[in-house]
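Now for the letters of each chain:
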Amino acid sequence: LGLPLLVYVSYQVVQLISNANADNQPRNVTMSNITTVSATVTWTTDSKTIGTVTLKEDGAELSPVIDTRGNSKRYTHFVELTDLEPSATYTFTITSGGTGYTSSGDVSFTFETAPITADTPTPNPVYGSVSGVSTDDVLVYAILKDKTSYAVSATMPSGGNWIMDLSTFRKISDGSLIISDTNTNLVLIAVTGTDQGGILSGAYSTLFDSNGKLNSTQSFSIGSNTTLYSYFPTSSSQDNTEEETPVEEEPEEEVPVEEPEQSTDGRTFRIVKDLEWQDMVISGVTDWSAG
């Protein structure tokens with residue numbers, strides 16, 4: 001009896017450890033709020049856990065950065081990285097539930113900060129609330145509907161409003177600023193956990209009033225939703241430019257060079273084919289003998 005019972009208990013322990021690791025695994029890892037000197041890493045987990053992000057710079061790991069909301073267990077995770085260099089590529093490790101993760105499948109955790117440009121963005125703050133949620137375990141994203149930009153993201157205090165600045169939209173292709181207006185088509189996404197959240201979609205003027213407040217006719221309906229992250233761009237890399245097809249130039253026609261020919265009497269001559277043709281007919285003169 002003792003041996004089978006020991007084997008069974010050991011099996012159960014292995015199962016519990018495996019399930020715990022699966023529940024703590026980072027899911028829906030997303031880069032947002034990309035600037036020249038900062039970026040935000042967000043993700044979800046199937047169980048409440050503590051998560052941190054560790055940057056690697058020049059081959060050395062920096063100090064871990066905790067969630068901006070504090071070092072508490074959550075389903076959603078929001079880590080802001082600051083004091084970065086412009087146009088620099090960084091790799092990072094997510095530590096979740098005590099386990100480090102450097103990739104999701106075959107995709108390594110990496111991002112590039114935006115380049116310095118002469119453009120000066122005009123602040124465009126928007127704000128609102130998420131109904132039916134009483135905790136601060138909420139992430140809110142704003143994304144261009146055409147998926148050409150990185151997302152802008154924010155957290156929401158318990159029972160409060162979320163606020164974000166749409167002037168920080170950056171193109172995925174080259175990191176340049178995107179200026180939005182009242183006709184810009186947006187998608188707003190609230191996330192409260194893996195496959196849990198709500199979606200709003202429409203033009204800026206439909207979603208917000210003139211002060212940037214979410215219209216009272218718009219509200220996040222939180223529930224089970226497996227399509228939340230289908231609205232995000234598939235690429236998180238700024239190196240997303242299309243490869244140009246090289247244009248093949250037509251080769252110049254080579255003019256054959258005539259080799260000198262040797263005459264029978266010892267003299268050398270060559271044939272010249274590029275003589276200019278001149279019209280020998282003089283207008284109005286038909287009798288050559290009279291010329």
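A complete count under the given rule lists 3 salt bridges for this structure. The shortest N-O distance in the salt bridge between D46 and R27 comes to 2.8 Å. Taken together, the positions of D46 in strand β2 (residues 39-49) and R27 in strand β1 (residues 27-32) put the pair 19 residues apart, joining distant regions of the chain. Relative accessible area serves as the criterion here: at 34%, D46 is assigned to the partly exposed category. The exposure class of R27 is partly exposed, given its relative accessible area of 28%. Note that R69 is salt-bridged to D67, the shortest N-O span being 3.0 Å. D67 shares its class with R69; the two are buried.

Strand order in the open sheet formed by 5 strands is β14-β13-β16-β17-β18, with antiparallel pairing between adjacent strands. The sheet terminates laterally at β14 (152-155) and β18 (223-224), the two strands that pair on one side only. Bridge count between strand β13 (residues 139-144) and β14: 4 bridges; the pairing is antiparallel. Looking at the pairing, A142 lines up with V152 of β14.

Turning to the confidence of the model for the chain, a few remarks are in order. The pLDDT averaged across the chain works out to 82; a share of 74% of its residues lies at or above 70. Counting contacts from residues 280-291, a segment whose pLDDT is below 50, to residues more than four positions away or on other chains yields 2 contacts.

The antiparallel open sheet is built from 3 strands, whose spatial order is β1-β2-β6. A single partner strand is all that each edge strand has here, and the edge strands are β1 and β6 (74-81). With strand direction ignored, the average angle separating the axes of adjacent strands in the sheet is 20 degrees. Strand direction decides the pairing type here: β1 and β2, joined by 4 bridges, are antiparallel. Bridged to T30 within β2 is T42.

Turning to the pairing of strand β7 (residues 89-96), a few remarks are in order. Of the pairings in the sheet, the one linking strand β3 (residues 51-57) to β7 comprises 6 bridges and is antiparallel in character. Among the inter-strand pairings, T54 is bridged to a residue of β7, identified as T93. Sheet analysis places β7 next to strand β11 (residues 110-112), joined by 3 bridges and oriented antiparallel. Note that in β11 the partner of Y90 across the bridge is F111. In this structure, β7 lies alongside strand β8 (residues 99-101), joined through 3 bridges in antiparallel fashion. Note on β8: the bridge partner recorded for I94 is Y101. Hairpin connection of β7 to β8: 2 residues between the antiparallel strands, including G97 at a positive phi of 60 degrees.

Criteria and cut-off values
Residues numbered from 1 in each chain as written. Predicted model: local features only at pLDDT ≥ 70, side-chain atom pairs only at ≥ 80, totals over all residues. Heavy atoms only, no water. Salt bridge = Lys/Arg side-chain N within 4 Å of Asp/Glu carboxyl O. Helix = DSSP H or I, 4+ residues; strand = E, 2+ residues; numbered from the N terminus. Buried < 20%, exposed > 50% of the residue type's maximum accessible area, 1.4 Å probe, protein only. Pairing = 2+ DSSP bridges. pLDDT = per-residue confidence, 0-100. Contact = heavy atoms within 4.5 Å. Axes fitted to C-alpha atoms, helices over the stretch in contact; angles between N-to-C directions.

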